[in-house]
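Descriptive analysis of the structure
Below are the chains, spelled out letter by letter.
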Amino acid sequence: MRLATWNVNSAKSRLPRLLPWLDEREPDVVCLQETKLSDDDFGETFDEALAERGYASAHHGQGRWNGVALLSRVGLDDVVRGLPAEPVFTEGGLDAPDARAVTATCGGLRVTSVYVPNGRSPEDPHYAYKLRWLAALRELVAAGDPASAVVAGDMNIAPADDDVWDRALFDGATHVTPDERAALDALLGTGLRDVLRERWPDERVFTYWDYRAGRFHQDQGMRIDLVLAGDGPADRRAAVWVDRKARKGKSPSDHAPLVLDLDEAPDGDTGPVVPPPSAPAPLSRRG
């Protein structure tokens, strides 16, 4: 079974990339983020093409903002959109939750696709909203069966300093603050495991590279897209890797897919980044 997560940064814009990628990599379960479509628009754009490939889908959309989806060809049952007691960013004038989480049972696993709030800056009200949202996500996992859970998506948190290309550049910024990392640790405390770091504890691995300043070609990125798995799926890990090829070429997302192979690894356990960067930047963040 192959599970993948990918922040596509507009599903409609990424249509010419997404469908061929599904054909090439043949994932069984896909978590998508930042679809930036309403539920109706997602269905009109993708339902037929996904059905032709054997996928059922569940989408939780918000028009041109946010949006998450689950695609599965191993079952898609008990779909839940949103989080229990999900916080609302009232400081931003909203009166309903954002479309940031969708959960379903796929192949015997309880899978949640998440797009965690960015936080903007530690002084911004969006930062406090981010922490409240992460607490609600933790409650969702804790209330279920963490051993069979998978939470995958754009967490907008770099778990450690080695997960950003130059830690000094992030002083005073979000994604690396102690409170964000504590919230992530609390989520892991339910019994989830960061499967990529378990397999590749000392490797340079990024999943996101800003479009600006040639960040991708210099491998100046961040690891903010995660697959967090309970003991059941984590113990079945055969391979876990970042599909860097999908970040190349014309009109890519600024994120690359993160792939987890369970039980067997059709492409081998060759990661952590496939293909590896040709000329990575110096590891200045390490001292």
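Under the annotation held in an unreviewed UniProt entry, the chain carries the name Exodeoxyribonuclease III and is attributed to Pseudonocardia spirodelae. As its UniProt record puts it under Cofactor (unreviewed entry), the chain is described as follows: "Mg(2+)". Entered under Sequence similarities (unreviewed entry) in the UniProt record, the comment concerning the chain runs "Belongs to the DNA repair enzymes AP/ExoA family."

**Observations concerning helix α2 (residues 39-52)**
For the α-helix, the turn length of 3.6 residues means that residues three or four positions removed from each other point alike. The terminal C-alpha atoms of α2 lie 19 Å apart, and with 14 residues this matches the ideal 20 Å at 1.5 Å per residue to within 8%. Its axis deflected by about 50 degrees at phenylalanine 46, α2 carries its strongest bend there. Within α2, burial applies to Phe42, Gly43, Phe46, Ala49 and Leu50.

**Quick notes on the pattern of salt bridges**
Counted by the stated rule, this structure contains 25 salt bridges. Across the pair arginine 132 and glutamate 91 runs a salt bridge, and its minimum N-O distance is 3.6 Å. Note that arginine 132 is positioned in helix α3 (residues 125-143) and glutamate 91 in the loop between β5 (77-81) and β6 (101-106), a separation of 41 residues in sequence. On the accessibility criterion, glutamate 91 (43% relative accessible area) is partly exposed. Here aspartate 161 ties to arginine 167 by a salt bridge, and the two come within 3.1 Å at their closest N and O atoms. The network of salt bridges with common partners includes Arg193, Glu198, Asp231, Asp235 and Arg237.

**Details of the nonpolar core**
Val111, Val150, Val227 and Val242 are the most contacted members of the largest nonpolar core, which has 34 residues in total. With residues near it in sequence (within four places) discarded, valine 111 still touches Leu3, Val29, Cys31, Leu70, Val102, Thr103, Ala104, Cys106 and Val150.

**Structural notes on the pairing of β6**
For β6, a buried count of 5 out of 6 residues is recorded, marking the element as mostly surrounded by other parts of the structure. Two strands pair when backbone bridges link them, and β5 and β6 are joined in this way by 3 bridges, in the antiparallel orientation. Of the residues in β6, the one forming a bridge with valine 80 is threonine 103. When β6 meets strand β7 (residues 109-115), the two strands line up antiparallel, connected through 6 bridges.

**Quick look at the packing of α3 against helix α4 (residues 178-188)**
Running from N to C, α3 and α4 point in directions that differ by 10 degrees, and their axes come no closer than 9 Å. Of the possible angle classes, the one that applies to α3 and α4 is roughly parallel. On α4, the residues that touch Tyr127, Lys130, Leu131, Leu134, Leu137, Arg138 and Val141 of α3 are Asp179, Glu180, Ala183, Ala186 and Leu187. Taken together, the residues of the contact of α3 with α4 sort by class into 8 nonpolar, no polar and 4 charged.

**Details of the side chain of arginine 223**
By secondary structure assignment, the location of arginine 223 is in the loop between α5 (195-199) and β10 (225-229). Within the structure, the side chain of arginine 223 is placed 2.8 Å from the side chain of aspartate 194, a separation counted as a polar contact. Not counting the four nearest positions on each side in its chain, arginine 223 is found in contact with Ile157, Ala158, Pro159, Asp163, Asp194, Leu196, Arg197, Val205, Phe206 and Thr207.

**Quick look at the pairing of strand β12 (residues 258-262)**
The buried fraction of β12 amounts to 5 of the 5 residues, a majority that puts the element mostly inside the structure. Where strand β1 (residues 2-7) meets β12, 4 bridges bridge the pair, whose relative direction is antiparallel. Its bridge partner lying in β12, leucine 3 is registered against leucine 260. Where strand β11 (residues 237-243) and β12 come together, 5 bridges link them in antiparallel fashion. Each bridged residue has a counterpart across the sheet, and for alanine 239 the counterpart in β12 is aspartate 261.

**Considerations on the sheet that holds strand β4 (residues 68-72)**
The strand order across the open sheet built from 7 strands is β3-β4-β2-β1-β12-β11-β13, with neighbouring strands paired in mixed fashion. With one partner strand each, in any of the chains shown, β3 (56-60) and β13 (273-274) form the two edges of the open sheet. Along the sheet face, helix α1 (residues 15-25) touches β1, β2 (29-33), β4, β11 and β12 and points at about 160 degrees away from the line of β1. Sitting on the sheet, α2 is in contact with β3 and β4, with an inclination near 165 degrees to β3.

**Quick notes on unusual backbone geometry**
The omega torsion of the bond from glycine 271 to proline 272 falls at 15 degrees, within 30 degrees of zero and hence cis. Tracing the backbone shows proline 272 in the loop between β12 and β13. In the segment running from valine 274 into proline 275, the intervening peptide bond is cis, with an omega of -10 degrees. On the secondary structure map, proline 275 appears in the segment after β13. Despite not being glycine, asparagine 66 shows a phi value in the positive range, around 55 degrees. Position of asparagine 66 among the secondary structure elements: in the loop between β3 and β4. One non-glycine residue, alanine 213, lies in the positive phi region at around 60 degrees. Mapped onto the elements of the fold, alanine 213 is located in the loop between α5 and β10.

Parameters at a glance
- Residues numbered from 1 in each chain as written.
- Predicted model: local features only at pLDDT ≥ 70, side-chain atom pairs only at ≥ 80, totals over all residues.
- Heavy atoms only, no water.
- UniProt positions renumbered as here; feature names shortened; annotations may be inferred.
- Helix = DSSP H or I, 4+ residues; strand = E, 2+ residues; numbered from the N terminus.
- Expected span 1.5 Å × (residues − 1).
- Bend = angle between axes of the 7 residues up to and from the residue.
- Buried < 20%, exposed > 50% of the residue type's maximum accessible area, 1.4 Å probe, protein only.
- Salt bridge = Lys/Arg side-chain N within 4 Å of Asp/Glu carboxyl O.
- Core = buried A, V, L, I, M, F, W, Y, C linked by side-chain atoms within 4.5 Å.
- Contact = heavy atoms within 4.5 Å.
- Pairing = 2+ DSSP bridges.
- Axes fitted to C-alpha atoms, helices over the stretch in contact; angles between N-to-C directions.
- Parallel < 35°, antiparallel > 145°, perpendicular 65-115°, else oblique.
- Nonpolar A, V, L, I, M, F, W, Y, C, P; charged D, E, K, R; others polar.
- Polar contact = N/O pair within 3.5 Å; in protein donor to acceptor, adjacent residues only side chain to side chain.

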